[in-house]
Amino acid sequence: MITKRIIPCLDVRDGRVVKGVNFLNVNDVSSPVALAKYYSESGADELVFYDITASFEGRQLFTDILTEVASQIFIPLTVGGGINTVEDFERVLRCGADKVSVNSGAIRDPGLIPAAAKKYGDQCVVLSVDVRRVDGRFTVFAKGGRENTGIDALEWIRSGVKNGAGEIVLNSIDTDGVKGGFDLEMLSAVCDIVDVPVIASGGAGCMEDFTELFLQVPKVDAGLAASIFHFGEVSIGDLKKKLQADGINVRLS
Amino acid sequence: MIAIIDYGVGNLFSLKSSFAYIGEEAIVTGDEKRIGECARIVLPGVGAFGDAASKLRSVGLDQVVCREAAKGKPLLGICLGMQLLFDKSLEYGEYAGLGLIPGKVVSMRNVVPQAYKIPQIGWNALHFPKDRPRSPLYKDIREGDHVYFVHSYYAAECSPWVSAWTEYGAQITASAENGNVFGTQFHPEKSGTIGLKILKAFCEI
């Protein structure tokens, strides 16, 4: 039986992890390599690196870091942030990324997903979507959730998959940062219309939120979170033990 | 020394790094002479079978790989590289493989119930056939250990050669072998410490 995946997301700016905090056995919590190693050893099934750098120099630092992580950590790595062209795919894949996540870049250029999928395969292309309810309708937001595109989220996701996206990361802006649990209603709606893996993001506040996610929306494949792991509120090892006790199939390392 | 066959398919960075990490020297090469000098061969691959098979043939590496395998050199095919070891594939047409392991590569849709997503992406458990000795690849691996899969097609009609299977709504071939020829459908270079143990075991065959 395939397992449900737990995926920590690391925001990187100028080659350093933003918001990294006190782990007992990690000396340098803002070092992407040290943190990635810690997560990998504690049972993370995959890692997402999100490049929030704006400058060219920062981007160079990011790929240097990625190369270092990929030469020491042997679990799947997904990279997102600043992916606007097929050349951006090439740049991060060459440094050891396995999957590349696109968000605003795919909204700006509808040809990006099909071009990347054709060149690197569907399994490589992850469509990340920031969604908020507007007048009761699931609506796509761009630029880190700041800009209402007016695009219907379900239509957007359906066409993204048709064009070659091999996985969906669904981030609910409505539940993000609230720590009151994942957006089960939104996730169910998306799982009903696509047959590629769906990764839930936004809203995890405690271990029970993951149990609820996988029990209430069994078609969801993975749960992604950032701050609750970084701030040590939830350890991945403990989370997976709890999920197993709750009858959810996970990989225990 | 291990030769990782370079025929313009897939990302070889992680594979090369994982051998370096376990202290094994590996080179990425498409050069016949250098491949001949290596004690072991790894055949990687991602993408579609037909494309990969024709790329391998267009540079003559199909014959190099078969010749080296015939000498008894350990050969490990990974993911699409594993599928290439079989007789043929029915992915988007019908294409001949290297014929080093009997069997054919078909869509999982033929056997996997509709509720299961295809591709299979994620960590799944290894199970070993009870009626034959454990593969040398798995000497340090336990029944139920998890490895990372990304695939839509799988090797069928090859049960005498299956060395491990995984459960995905049906029994799916996770690995197969025929003498010195080994293939893993999963990615050992992406399967954490379990995967590194499998690569290490391959280096000790």
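Just above sits the structure.
Being a predicted model, the structure only gives us computed values, none of them experimental.

K.L.:
So what exactly am I meant to see when it comes to the overall build of chain B here?
P.N.:
Looking only at helices and strands, chain B features 6 helices and 13 strands. For chain B, the C-alpha radius of gyration of 16 Å lies close to 17 Å, the compact-globule estimate for 205 residues. With the C-alpha coordinates of chain B rotated into their principal frame, the extents come out at 45 × 40 × 30 Å. For chain B, the proportion of its 205 residues judged to be buried stands at 51%.

K.L.:
How should I be thinking about the sheet that holds strand S7 (residues 101–107) of chain B in this particular structure?
P.N.:
By definition, the strands of a sheet pair up through backbone hydrogen bonds, in either a parallel or an antiparallel sense. Residues and elements named next belong to chain B. Read across the open sheet, the 4 strands follow the order S6-S5-S7-S10; overall the sheet is mixed. Where the open sheet ends on each side, the last strands, each with one partner, are strand S6 (95–96) and strand S10 (153–156). When strand S5 (residues 86–89) meets S7, the two strands line up parallel, connected through 3 bridges. What sits directly across from Ser89, in S7, is Val105.

K.L.:
Looking at this structure, how should I read the packing of helix H1 (residues 32–41) of chain A against helix H2 (residues 56–70) of chain A?
P.N.:
Geometrically, a packed helix pair is captured by the angle between its two axes and the distance between the axes. All names here are of chain A. Two elements in contact, H1 and H2, have axes separated by 9 Å at closest approach and are oriented at 35°. When the axes of H1 and H2 are compared, the crossing they make is right-handed. The segment H1 lies against H2, with Pro32, Val33 and Ala36 engaging Ile65, Glu68 and Val69. A class-by-class count of the residues in the contact of H1 with H2 yields 5 nonpolar, no polar and 1 charged.

K.L.:
Whenever I open this one, the interface of chain A and chain B confuses me. Can you help?
P.N.:
Interfaces are often described in size by the accessible area the parts lose on coming together. The interface is formed by 25 residues belonging to chain A together with 26 residues belonging to chain B. The residue makeup of the side of chain A that touches chain B, split by class, is 9 nonpolar, 9 polar and 7 charged.

K.L.:
Could you clarify how one ought to interpret the pairing of S5 of chain B in this entry?
P.N.:
Across a regular strand the side chains alternate sides, sitting on one face of the sheet and then on the other. All names here are of chain B. The pairing of S5 with S6 spans 2 bridges and is classified as antiparallel. By the bridge assignment, Lys88 is partnered in S6 with Ala96. Here S5 hands over to S6 after 5 residues, with Tyr92 in that stretch at a positive phi of 50°.

K.L.:
Explain the nonpolar core to me, please; I cannot follow it from the model alone.
P.N.:
One broad rule of soluble globular proteins: the nonpolar side chains tend to lie buried together. Ranked by size, the top nonpolar core spans 81 residues in total, and within it Val100, Ile168 and Leu170 of chain A carry the most contacts. Setting aside residues no more than four positions away along its own chain, Leu170 of chain A makes contact with Val129, Val131, Met186, Leu187, Val190, Val198, Ile199, Ala200 and Ser201 of chain A. Tyr7, Ala26, Leu61 and Tyr153 of chain B belong to the second-largest nonpolar core, a separate cluster that totals 65 residues.

K.L.:
Any chance you could explain the sheet that holds strand S4 (residues 75–78) of chain B here in plain terms?
P.N.:
All names here are of chain B. In space, the 7 strands of this open sheet follow the order S2-S1-S3-S4-S13-S12-S11, with mixed pairing throughout. Of all strands in the sheet, those bounded by a partner on one side alone are strand S2 (26–29) and strand S11 (162–167). For this sheet, the mean angle separating the axes of adjacent strands, direction not counted, is 20°. As paired elements, strand S1 (residues 2–5) and strand S3 (residues 40–43) share 3 bridges and run parallel to each other. If you follow Ile2 over to S3, its bridge partner there is Arg40.

K.L.:
It is not clear to me how the environment of Asp209 of chain A should be interpreted in this structure. Could you clarify?
P.N.:
Residues and elements named next belong to chain A. Mapped onto the secondary structure, Asp209 falls in helix H8 (residues 207–216). For Asp209 and Val18, which are 191 residues apart along the polypeptide, the C-alpha to C-alpha distance reads 24 Å. Those residues in contact with Asp209 that lie beyond four places of it in its chain are Gly181, Phe182, Gly203 and Ala204.

Rules of the game
Numbering of residues starts from 1 in every chain and runs along the sequence as written. Following the order in which they are written, the chains are lettered starting with A and the ligands numbered starting with 1. Residues qualify for local features only when their pLDDT is at least 70, as the model is predicted, and side-chain atom pairs are given and counted only at 80 or more; totals for whole chains, interfaces and linings, by contrast, use all residues. Only DSSP runs of H or I reaching four residues or more are called helices, and only runs of E reaching two or more are called strands; each is numbered from the N terminus. In this treatment the radius of gyration is a C-alpha quantity, and the globule benchmark scales as 2.2 Å times the residue count to the 0.38 power. Buried means a residue has 20 or more other C-beta atoms within 10 Å of its own C-beta, exposed means 12 or fewer, and partly exposed covers the counts in between; C-beta atoms are placed from the backbone. When DSSP finds two or more bridges between two strands, those strands count as paired. As a rule, the C-alpha atoms of each element are fitted with a line to give its axis, helices using only the stretch in contact, and angles between N-to-C directions run from 0 to 180 degrees. Crossing chirality is assigned from the near helix's rotation relative to the far helix, an anticlockwise turn below a right angle marking it left-handed and a clockwise turn marking it right-handed. What counts as a contact here is a pair of residues whose C-beta atoms, placed from the backbone, lie within 7 Å. Residues are grouped as follows: Ala, Val, Leu, Ile, Met, Phe, Trp, Tyr, Cys and Pro are nonpolar; Asp, Glu, Lys and Arg are charged; every other residue, Gly included, is polar. Working definition: the nonpolar core is a set of buried Ala, Val, Leu, Ile, Met, Phe, Trp, Tyr and Cys residues, joined through C-beta atoms within 7 Å.

Treat this as a map of the structure, not an account of what it does.
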